[in-house]
Amino acid sequence: MQHMRHGSFMQEGMHHAVAKGVTLDAKVDAAAHTVTLRVGPMNLPAQTSHMKMPQPPDLVWEVPMDGWLLAYHPRLVDASGNAVPGVVLHHVAFWNENRADFLCPNKEEHIFGAGSEMTDWAEIPGYGYRVHKGEKIRIETMVHNPMETSYDKAFLEVVIPFRETSGDASAAAPRKDVYPAWMDVASCGNSGYDLPAGKSEKTGTVTVKYDGVLLGVGGHLHDYGKQIVLEDMSRKETVATLDAKTDAEGHLESVPVKLFVEEGGYKFVQGDVLKISAMYDNSTGKLLRDGAMGIAVGYFVPADDAKMAALWRNPKPRHDMAGMSHDH
C-alpha cells in the first residue's frame, strides 16, 4: 500500500491520528535462531504527548515456525542504527490472537510488552513460549516524545531467539511451556488510567485459575512511577516489591526483575487472589490523561499443561488493521 508522506500532523480534535508509512519488517536468521521484528519508521517531534502524536497502526506478525520463543530483547534505533532513548516508547504490546490470557480470558494472550523501561526479557533455560506456524501476533505500539530532541525516523526492534520443535538434536530438546502472566492494577480491564497530580496508589486483583509456579516477575510503569508490589492475598505474602528507577524529571528509566527460578518458582494454587499495587508521584502539578499503567509481568508454568488447552482459539479471519482503510 503506497502511503503519501505528510509534512504536517493533523491533530485537530482527533483521537490518535494514524501515523503514515509505519510497517512491520520480520527477518528470520536461521543460523542464529533469531527473528527480528522491526516497527517503523516513526517520526517523533519533540515535546509531543501521546494524545497528539500520530500512532502506528496495529501490525500483525504471522509466526513462521513451530517451536518456542525464548526471550525478548527490545531496543529503539534511528535509521542509522544509533540508539534512541527508551523514554519515547509509551508502550508496545504483543497479543497472540489465537490464545486467551490465562488470568483474564476476556483478553487475548499478552505475550510481550515494553515501555520506557525497555526491560530485557532474558531466556530461562529449559523454558519457552510455545508457538505454532500461522499464529497471528498483533503488535500495538504507542509513542510520545517528552524530550527537547526530535527523532525523524525511529524504529522499535525486538530480537526474539527461538527454538524449533524439529531439526537438529539441540533444537528438538523439549522445553516446558511458560504462560505470560500480566497482573494488572486495572484487573482485567483496560490497562491505561488517568494519573492524578502528586502521590497516588492504584490497586487491583486477579484470581489464579490453575496450580503452578511463577518463575519470575518484572514490571511496567510509566513516567513518575515509583513502585509495583505484587502480593498473594490468599497466602498473606508479598511476592515481590519492585522499585522503579527514574531520572531527576521523573522519567522512568528501569524496573527490576526478580527471579524465583532457583527456589523452583513461586507457588500459586488455583483460587489464589493476587493483589497488584502501583505507586506514582506525578510532579507535573496536573492530571495526565491516560498517563499511567501498573502491571506486574511474569512467566507462569502450570502444574498440568494439558489444562491450558482451553486457552486456544481457532484462528480468526484477519481483521482490517486499525486505521489502514481511512486516510487521516
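This text goes with the structure placed above it.
Here goes a summary of the coordinates provided. Since the model is a prediction, treat every value here as computed from it, not as a measurement.

## Details of the nonpolar core
Right, so step 1: In terms of nonpolar packing, the biggest core is built from 49 residues, with Leu 69, Tyr 72, Phe 94 and Phe 112 touching the most fellow members.
Right, so step 2: When residues of this core are assigned to their parent elements, the largest contribution, 6 residues, is made by strand β10 (residues 151–164).
Right, so step 3: With residues near it in sequence (within four places) discarded, Phe 112 still touches Tyr 72, Pro 74, Val 92, Ala 93, Phe 94, Trp 121, Val 158 and Trp 182.

## Quick look at the pattern of salt bridges
Right, so step 1: Scanning the model with the defined rule gives 14 salt bridges in all.
Right, so step 2: Note that Glu 157 is salt-bridged to Arg 75, the shortest N-O span being 3.1 Å. Taken together, the residues span a long stretch of sequence, with Glu 157 in strand β10 and Arg 75 in strand β5 (residues 73–78) at a distance of 82 residues.
Right, so step 3: Classification of Glu 157 as buried rests on a relative accessible area of 10%.

## Observations concerning the sheet that holds strand β3 (residues 59–62)
Right, so step 1: The 4 strands are arranged β3-β9-β6-β7 in an open sheet whose pairing can be described as antiparallel. Among the strands making up the open sheet, the edge pair consists of β3 and β7 (108–114). The sheet shows a mean angle of 25 degrees between the axes of neighbouring strands, direction not considered.
Right, so step 2: Strand direction decides the pairing type here: β3 and strand β9 (residues 136–143), joined by 4 bridges, are antiparallel. Paired with Trp 61 across the strands is Ile 137, a residue of β9.

## Section: the packing of aromatic side chains
Right, so step 1: All told, the structure shown has 8 aromatic pairs when counted by the stated rule.
Right, so step 2: Pairing Tyr 193 with Tyr 280 gives two aromatic rings, centres 6.4 Å apart and planes at 85 degrees, and the pair type is edge-to-face. In this pair, Tyr 193 sits in strand β13 (residues 193–195) while Tyr 280 sits in strand β22 (residues 273–282), placing the two residues 87 residues apart along the sequence. With respect to class, Tyr 193 is no different from Tyr 280; both count as buried.
Right, so step 3: Arranged with centres 5.6 Å apart and planes meeting at 55 degrees, the rings of Phe 260 and Tyr 266 form a pair that is tilted. Here Phe 260 matches Tyr 266 in class, with each residue buried.
Right, so step 4: Feature note: the residues Tyr 72, Phe 94 and Phe 112 constitute an aromatic cluster, connected by ring pairs.

## Some remarks on the state of the cysteines
Right, so step 1: For the coordinates displayed, the defined rule picks out 1 disulfide.
Right, so step 2: Each sulfur in the disulfide pair Cys 104 and Cys 188 lies 1.9 Å from the other. Handedness of the Cys 104-Cys 188 disulfide follows from its S-S torsion of about -75 degrees: it is left-handed. Of the two residues, Cys 104 is situated in the loop between β6 (89–100) and β7 and Cys 188 in the loop between β12 (179–184) and β13; the sequence distance between them amounts to 84 residues.
Right, so step 3: On the basis of relative accessibility, which here comes to 3%, the residue Cys 104 falls in the buried class.
Right, so step 4: Assessed through its relative accessible area of 26%, Cys 188 is described here as partly exposed.

## Focus: unusual backbone geometry
Right, so step 1: With omega at -5 degrees, the peptide bond leading from Gly 40 into Pro 41 counts as cis.
Right, so step 2: Mapped onto the fold, Pro 41 is located in strand β2 (residues 34–44).
Right, so step 3: For Met 118, which is not glycine, the phi dihedral falls at a positive 45 degrees.
Right, so step 4: With respect to the helices and strands, the residue Met 118 is situated in the loop between β7 and β8 (127–131).
Right, so step 5: Among the residues examined, Met 118 registers a relative accessible area of 16% and is labelled buried.
Right, so step 6: Positive phi values are uncommon outside glycine, yet Ser 187 reaches one of about 55 degrees.
Right, so step 7: Secondary-structure assignment places Ser 187 in the loop between β12 and β13.
Right, so step 8: Its relative accessible area of 23% is what places Ser 187 among the partly exposed residues.

## Brief notes about the environment of Glu 148
Right, so step 1: Following the sequence through the fold, Glu 148 ends up in the loop between β9 and β10.
Right, so step 2: Residue Glu 148 is classed as exposed on the basis of its relative accessible area of 65%.
Right, so step 3: The residues contacting Glu 148, other than those within four sequence positions of it, are Ala 46 and Gln 47.
Right, so step 4: Of note is the side chain of Glu 148, whose polar atom sits 3.1 Å from the side chain of Gln 47.

## Describing the pairing of β2
Right, so step 1: Two strands pair when backbone bridges link them, and strand β1 (residues 23–29) and β2 are joined in this way by 7 bridges, in the antiparallel orientation. The partner of Ala 26 across the bridge, within β2, is Leu 37.
Right, so step 2: Taken together, the 8 bridges between β2 and β10 define a ladder with antiparallel strand orientation. Opposite Val 39, over in β10, you have Leu 156 as the bridge partner.

## Details of the sheet that holds strand β16 (residues 225–232)
Right, so step 1: The sheet built from 4 strands is open, its strands ordered β14-β22-β16-β17 with antiparallel pairing. Looking at strand neighbours, the two that pair on one side only are β14 (198–207) and β17 (237–243), the edges of this open sheet. Going across the sheet, the axis of each strand differs from the next one's by a mean of 15 degrees, ignoring polarity.
Right, so step 2: Taken together, the 6 bridges between β16 and β17 define a ladder with antiparallel strand orientation. Within β17, the residue paired with Gln 227 across the bridge is Asp 243.

What counts and how
- Residues numbered from 1 in each chain as written.
- Predicted model: local features only at pLDDT ≥ 70, side-chain atom pairs only at ≥ 80, totals over all residues.
- Heavy atoms only, no water.
- Core = buried A, V, L, I, M, F, W, Y, C linked by side-chain atoms within 4.5 Å.
- Buried < 20%, exposed > 50% of the residue type's maximum accessible area, 1.4 Å probe, protein only.
- Helix = DSSP H or I, 4+ residues; strand = E, 2+ residues; numbered from the N terminus.
- Contact = heavy atoms within 4.5 Å.
- Salt bridge = Lys/Arg side-chain N within 4 Å of Asp/Glu carboxyl O.
- Pairing = 2+ DSSP bridges.
- Axes fitted to C-alpha atoms, helices over the stretch in contact; angles between N-to-C directions.
- Phe/Tyr/Trp six-rings, centres within 6.5 Å; stacked < 30°, edge-to-face > 60°.
- Disulfide = S-S within 2.5 Å.
- Polar contact = N/O pair within 3.5 Å; in protein donor to acceptor, adjacent residues only side chain to side chain.

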